[in-house]
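Listed here are the chains, written in short residue letters.
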Amino acid sequence: MLTIESLSYHLKGRTLLDKASFTLHGGEKVGLVGRNGIGKTTLFRLITGKIEPDHGYIRLQNGTKIGSLPQMPPQSTKSVIDTVVDSDVAYFNLMQELAVESDLNRLGEIQFELESMDAFTAESRAAKILAGLGFDEEGQNQPVNTFSGGWRMRIVLACVLFNKPDLMLLDEPSNHLDLETTFWLMDTLKKSPCALILISHDKYVLNHIAERIVHLHQQKLTSYTGNYDRFIEAKFQVQMQQQSAFQKQQAHKEHVQSFVSRFRAKASKAKQVQSRIKMLEKMQDVQIMQDDPTLSIQFPESIELAPPLITLESASAGYGDKVILKNLNQRIDPDDCIALVGRNGNGKSTFAKLIAGKLDPIKGKRCVEQNFSVAFFNQEQLENLTLDKTAYEHLEALMPHSAPTGIRSLLGQFGLTQTKSDVPVGQLSGGEKTRLNFAMLSIEKPGLLILDEPTNHLDIESREALILSINQFNGAVILITHDWDLLKMTASTMWVVEKGTVQTYDGTLDEYREQALGVKADKKLQATERAQQIKAKKMKKKKKS
């Protein structure tokens, strides 16, 4: 279906692809991985023809229909469901023609074409996809421009799925989804007959969908059979083999060099010496695949606080006279790492704002430990950064009495080197802006971190650093995220926001996932995960003691 051969591409003097090759077969599901900024999105633009390669070629099978996500979501007064249905250009054009055509023969042809493309079920098919992506019937009939950017990205995704392309190019499709909708999308993509190239930094999504992983690293595309976990194992084996071959080669070179040094002065050995010198000159070192530099995320240690940090007593929360959540009776202790789950629109953000003190209870009480501060991260903060100021200047404004070394030290704890700290924020990647926000939130050494979709712009290595930092943090954490791996590796408690309140969920993450999908959970996985959750909680308590 798709063949990429000896592809090279340069951007502003930087080589992104150098003689890279890759083949995709019909119906195949491939995960495209690599560090942020390495060139994955550029590869998509090359495949779709938006930019031209410097060398090499890209060949698509004749008639291949490509579906991809635009960078910017649409603005329209058209209803959501009409937008999705009309995104099928062939269907839209035929319906437009049907409305004005008077020739009976042509009307018959149009009718036949519409029937052959299953056009008369178009609205019901679109409604089913939109329901899976979280739009109820009322939402489906609202104008597109009444929705936020994140919800409009769901509409774009619905259009791609509705059009049933031969090849889907999806760049971080789960970024604007809640956990429950991510489950639905994973199953939908897995069952789809379309070929798929998926850019994702979510290991759980890659493990569930990908049959093959293509690694973009050092300007090359390397293919590994299996899902992401298999890729990590195979990459390690390749590195071990390369290391072994390199060591053998070095030993051989030392042996040859020893012969040259020993007999260089002997005339009787001159030909042999010259032969070995030429051999050394022609010998190219075995290349070893180098891992990317390790990133750091280190939340500062919180001051010692007695439990409970926060308690809610028969509290209600909302906006004005409108109550969103009621009957809230929660307690948060210093060793808690709480996964806050539930569909978007159920009130997760409202609850987080209540806990953070950004909303006062409409009824009931919110009791807080003295000398206690909360750090609240959300995606809106990235939009509020001053783009022409540097990361250093952002922290300097918040730390006016700190020495430059102290400011740079804090930035370094979040993987922002001096080079990155001294360029305008507008030139930083989404992941770097996220890490800058983490640094800004850490200044007060909070006792509670509320992290609302903290991984949206982080690559896999940064997500792993975040997991480690959360597990080492000695305060409490509330996580709102669609990142399954982050929840599984950190959360010790799960609270579900639904039906106008918040309740503790007594099952495991796997049970919750199966409940959200409406199918049975694997009992062995449940037992294993329960044990992991208990162990994680015990380890955190042991660390604090």
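Caption draft 1: Examining the sheet that holds strand β9 (residues 220-225) more closely. An order of β5-β6-β7-β3-β8-β9 is seen for the six strands of this open sheet, with the pairing classed as mixed. Strands at the two margins of the open sheet, each flanked by one partner only, are β5 (66-68) and β9. Each strand axis lies, on average, 20 degrees off the axis of its neighbour in the sheet, ignoring direction. Where strand β6 (residues 167-171) meets strand β7 (residues 195-199), five bridges bridge the pair, whose relative direction is parallel. Bridge pairing in β7 links D171 to I199. Packing against the sheet, helix α7 (residues 149-162) makes contact with β5 and β6, and its axis sits at approximately 165 degrees to β6.

Caption draft 2: Representation of the side chain of T390. Within the fold, T390 resides in the loop between α13 (380-383) and α14 (391-398). Its relative accessible area of 12% is what places T390 among the buried residues. Residues in contact with T390, not counting those within four places in the same chain, are S421, D422, V423, P424 and V425.

Caption draft 3: Fine view of the domain arrangement of the protein. Under the domain assignment used here, the protein contains domain 1 (1-65 + 166-226), domain 2 (73-164), domain 3 (232-282), domain 4 (294-373 + 445-506) and domain 5 (390-443). Relative placement of domain 1 and domain 2: their C-alpha centres are 27 Å apart. Contact with domain 1, which involves 13 residues of that partner, is made by 12 residues of domain 2. Across the interface of domain 1 and domain 2, roughly 1,000 Å² is buried in total on both sides, 71% from carbon and sulfur atoms. Together, K65, H176 and W184 form the three largest contributors to the area buried by domain 1 at its contact with domain 2, with a combined 46%. Inspection of the domain 1/domain 2 interface yields one salt bridge. The salt bridge involving D178 is made with R154; its shortest N-O contact spans 3.7 Å. Summed over the shared surface of domain 1 and domain 2, the result is two residue pairs in polar contact (both at pLDDT 80 or more). Within the residue set of the side of domain 1 that touches domain 2, elements represented by two or more residues are β6 and α8 (179-191). With four residues, the top contributor of residues to the side of domain 1 that touches domain 2 is α8. Looking at side-chain class alone, the side of domain 1 that touches domain 2 contains eight nonpolar, two polar and three charged residues.

Quick notes on the rules
- Residues numbered from 1 in each chain as written.
- Predicted model: local features only at pLDDT ≥ 70, side-chain atom pairs only at ≥ 80, totals over all residues.
- Heavy atoms only, no water.
- Pairing = 2+ DSSP bridges.
- Helix = DSSP H or I, 4+ residues; strand = E, 2+ residues; numbered from the N terminus.
- Axes fitted to C-alpha atoms, helices over the stretch in contact; angles between N-to-C directions.
- Contact = heavy atoms within 4.5 Å.
- Buried < 20%, exposed > 50% of the residue type's maximum accessible area, 1.4 Å probe, protein only.
- Domains from an automatic or database assignment.
- Buried area = accessible area lost by both parts, 1.4 Å probe.
- Salt bridge = Lys/Arg side-chain N within 4 Å of Asp/Glu carboxyl O.
- Polar contact = N/O pair within 3.5 Å; in protein donor to acceptor, adjacent residues only side chain to side chain.
- Nonpolar A, V, L, I, M, F, W, Y, C, P; charged D, E, K, R; others polar.

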